[in-house]
Amino acid sequence: MLRRNADRLRKVLAGPIARGASTALILRSINVVLGFASTLLLAKVLGADGFGVFVYGSSIAILISLPSRLGLQLFLVRMLPGFESRKDGAGFTSA
């Protein structure tokens, strides 16, 4: 039984889920590295005062955008299937 479970685990780890997860991890790592590098570059180019203004503006923009996203994901998960299944043509159509 232990051997059978080990074989199943090997199949899962070599399957498409593992490939997708490793791809997501690699892309996320690249995103973090590029974000850090761009932050260093902006700090170098703008200087202390300019970078401070940039970070302050970015923080304000993020704080303003947070309430606009409140509940949007849940709404889309609940409502999109209903829009797509409408028979009267009022739902979404694919191009």
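Presented here is a report on the structure given in the accompanying data block.

Reading guide: rules and limits
Residues numbered from 1 in each chain as written. Predicted model: local features only at pLDDT ≥ 70, side-chain atom pairs only at ≥ 80, totals over all residues. Heavy atoms only, no water. Helix = DSSP H or I, 4+ residues; strand = E, 2+ residues; numbered from the N terminus. Buried < 20%, exposed > 50% of the residue type's maximum accessible area, 1.4 Å probe, protein only. Areas by Shrake-Rupley, 256 points an atom, 1.4 Å probe, with all protein chains shown as cover. Expected span 1.5 Å × (residues − 1). Bend = angle between axes of the 7 residues up to and from the residue. Patch = residues over 30% accessible without salt bridge, like charges linked within 9 Å, V, L, I, M, F, W, Y side chains within 5 Å. Salt bridge = Lys/Arg side-chain N within 4 Å of Asp/Glu carboxyl O.

### Points about the overall build of the protein
Within the protein, the regular secondary structure consists of three helices and zero strands. Shown N-terminal to C-terminal, the secondary structure of the protein runs as helices and strands in the order α-α-α. Split into buried and exposed, the 95 residues of the protein put 3% on the buried side. Split by element, the accessible area of the protein, about 8,600 Å² in all, is 70% carbon and sulfur.

### Considerations on helix α2 (residues 16–69)
Compared with an ideal rise of 1.5 Å per residue, which puts 54 residues at 80 Å, α2 spans 31 Å between its outermost C-alpha atoms and falls more than 12% short. At G47, α2 is deflected by roughly 120 degrees, the largest bend along its length. Phi turns positive, to about 85 degrees, at G71, one or two residues after α2.

### Some thoughts on a nonpolar patch on the surface
A cluster of nonpolar side chains, contributed by L41, L42, V45, L46, F54 and V55, occupies part of the molecular surface with about 510 Å² of accessible area. In this fold, L46 is placed in helix α2. You can call L46 partly exposed: its relative accessible area is 38%.

### A few points about helix α1 (residues 2–13)
Along its 12 residues, α1 runs 16 Å from first to last C-alpha, staying within 8% of the 16 Å computed at 1.5 Å per residue. Taking burial as the measure, the 12 residues of α1 include zero buried ones, a minor fraction of the element.

Read these as spatial facts, not as claims about activity.
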